[in-house]
Amino acid sequence: MFEKIALKAEILFKCSSIVYLFFGLYYFLNLPIGGGDESLFLSDLQLIKNIGWQEAIEKNISIPYMLLTYPLSLIVDDFLALRIVNVGLLVLLFLYFFYISEVKTKTLYYYFLFFISTVGYFYFGTNDCLFFVSLIVFFNEVNNAVNNKNINFNLALTTLVIAFFTRQLFLVYLPIILLGLYILYRYEFKFSNRTFLPLGFIILFLILNIPSIEKNSTLSFDKKSPPKGLGVSWSQRQYLAQLMVNNGEIENFNHPSWEQTKAYIDKNGKSSLPDGILNGITFDYQMTFKEFFKDFGYSITYSGRALGLMLLITLGYWFRLLYKNRKVELIYFIPFSTLLMLMIFSFIIISFVELRWLAPVFMMTIVYYFQLLEQKKISKYFILANSLVLCLLCFYGMFRMVQKI
């Protein structure tokens, strides 16, 4: 009887995830043009067309993402070029798992479809998708290494290079990236003739970054810069946001305007708001630790909207093994990395954590859950509970999309 219920729940989830996919495609790809960060990349394309690549790089653009979207923008509208490239990257990610990572069981792809249809930001015209897909491939190759599966060492390094030159967010992921590189080194994956591919990408991107390096002494990355002359930073705006939320002046998940941030500094002095991540952490230790626990709890709780019970199940499985074995092993790279990134983002972000930043480790959590499922290491009751929760979340997601269309 239980097996029949579990099978029906699994079938219902798979059917729901397919329908959810089409709802998500229609909803997210028809969102208003230029919403959120998409406007930044639309302006980047126009910048390249109006003043040329060299001057655009001097003004900071995401070079790898622009290289993909610019040729297509000569054929179709800019916003469409951005979104088509991201859909193409998603297709490539699925092909990577099927043909290169050789995951032939379809169950994993239904979980992926559910996640992508829920979060939506893979469809937005930003460089998030390229950054996320690149890191997911790298982390999956590391996971293959610890599980003694076939490794594509050069692909791992190439995607890592692309991620590095795509977003500065790479630096936040640096702890687990270094761990991943150590794992690949420990498993004795050696350089070969094909290693010239990632080396070639490094040289190419460094050459393309020369205009920015010469003018700004930094690589070219997109930045949320304030209007000229205000003399305030994004980190100051974020810190003020949390102060205003705590004082009941604005709703949570909102920011003050650049002008409000400037007015606050003019009134209270230049040292009234910290500038930079490190200064933000050390500015008020009491607030830092308070926000850490609040953000960590929020991240764990609301991750369930995109992962069902998969995060809790995988972390619970790992914690049980930690308690039993009293040691951290490399084979648990994924749950360790997920927990570490949850803690890092909760610690360094004084205002609210945007869960999209955690997409690479959340996608890998799905991979890890699938592995435990294949190895029959998860209780059948947990599997049924997760399937039922995912079904409910599919219906809820579709209902919310219909309300907003």
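Heads up: the structure comes first, above all this text.
Overview of the structure. Note that this is a predicted model, so its numbers are computed, not measured. (Residues numbered from 1 in each chain as written. Predicted model: local features only at pLDDT ≥ 70, side-chain atom pairs only at ≥ 80, totals over all residues. Heavy atoms only, no water.)

**Overview of the environment of Gly-120**
Here is step 1 of the chain: Within the fold, Gly-120 resides in the loop between helix 6 (107-119) and helix 7 (128-146).
Here is step 2 of the chain: Classification of Gly-120 by relative accessible area gives buried; the value is 0%.
Here is step 3 of the chain: When the C-alpha positions of Gly-120 and Phe-28 are compared, they lie 6.2 Å apart, and in sequence the two are 92 residues distant. (Helix = DSSP H or I, 4+ residues; strand = E, 2+ residues; numbered from the N terminus. Buried < 20%, exposed > 50% of the residue type's maximum accessible area, 1.4 Å probe, protein only.)

**Section: the environment of Thr-166**
Here is step 1 of the chain: Structurally, the position occupied by Thr-166 is in helix 8 (residues 153-166).
Here is step 2 of the chain: What makes Thr-166 buried here is its relative accessible area of 1%.
Here is step 3 of the chain: Here the alpha-carbon distance between Thr-166 and Ile-334, two residues 168 residues apart in the chain, equals 23 Å.
Here is step 4 of the chain: Look past the residues within four positions of Thr-166 in its chain and what remains in contact with it is Ser-62, Pro-64, Asn-127, Leu-130, Phe-131 and Phe-221. (Contact = heavy atoms within 4.5 Å.)

**Here we look at helix 8**
Here is step 1 of the chain: Taking 1.5 Å per residue as the helical rise, helix 8 with its 14 residues ought to reach 20 Å, and the 20 Å between its terminal C-alpha atoms agrees with that figure.
Here is step 2 of the chain: Among the 14 residues in helix 8, 12 count as buried, and that is most of the element.
Here is step 3 of the chain: Buried within helix 8 are the following residues: Phe-153, Asn-154, Ala-156, Leu-157, Thr-158, Thr-159, Leu-160, Val-161, Ile-162, Ala-163, Phe-165 and Thr-166.
Here is step 4 of the chain: The secondary structure elements touched by the buried residues of helix 8 are helix 4 (63-73), helix 7, helix 9 (174-186) and helix 10 (196-208). (Expected span 1.5 Å × (residues − 1).)

**Structural notes on the packing of aromatic side chains**
Here is step 1 of the chain: Following the criterion strictly, the structure yields 38 aromatic pairs and no others.
Here is step 2 of the chain: Look at Tyr-111 and Tyr-369: their rings are 5.6 Å apart centre to centre, the planes differ by 80°, and that puts the pair in the edge-to-face class. With Tyr-111 in helix 6 and Tyr-369 in helix 19 (residues 359-374), this pair connects stretches of sequence that are 258 residues apart. For the pair Tyr-111 and Tyr-369, a shared accessibility class is recorded, and that class is buried.
Here is step 3 of the chain: Measuring from centroid to centroid gives 6.2 Å for Phe-131 and Tyr-173, while their planes differ by 65°, and the two rings are edge-to-face. Note that Phe-131 is positioned in helix 7 and Tyr-173 in the loop between helix 8 and helix 9, a separation of 42 residues in sequence. Of the two residues, Phe-131 and Tyr-173, neither departs from the other in class, the shared state being buried.
Here is step 4 of the chain: Following the ring pairs from residue to residue traces out a cluster consisting of Phe-115, Tyr-121, Phe-122, Phe-131, Phe-132, Phe-138, Phe-139, Tyr-173, Phe-333, Phe-345 and Trp-357.
Here is step 5 of the chain: Taking NZ or CZ as reference, Lys-104 lies 4.0 Å from the ring centre of Phe-98, over its face. (Phe/Tyr/Trp six-rings, centres within 6.5 Å; stacked < 30°, edge-to-face > 60°. Lys NZ or Arg CZ within 6 Å of the ring centre and 35° of its normal.)

**Thoughts on the state of the cysteines**
Here is step 1 of the chain: All told, the structure shown has 0 disulfides when counted by the stated rule.
Here is step 2 of the chain: The thiol sulfur of Cys-391 is not disulfide-bonded, and the nearest other cysteine sulfur, from Cys-394, lies at 6.4 Å. (Disulfide = S-S within 2.5 Å.)

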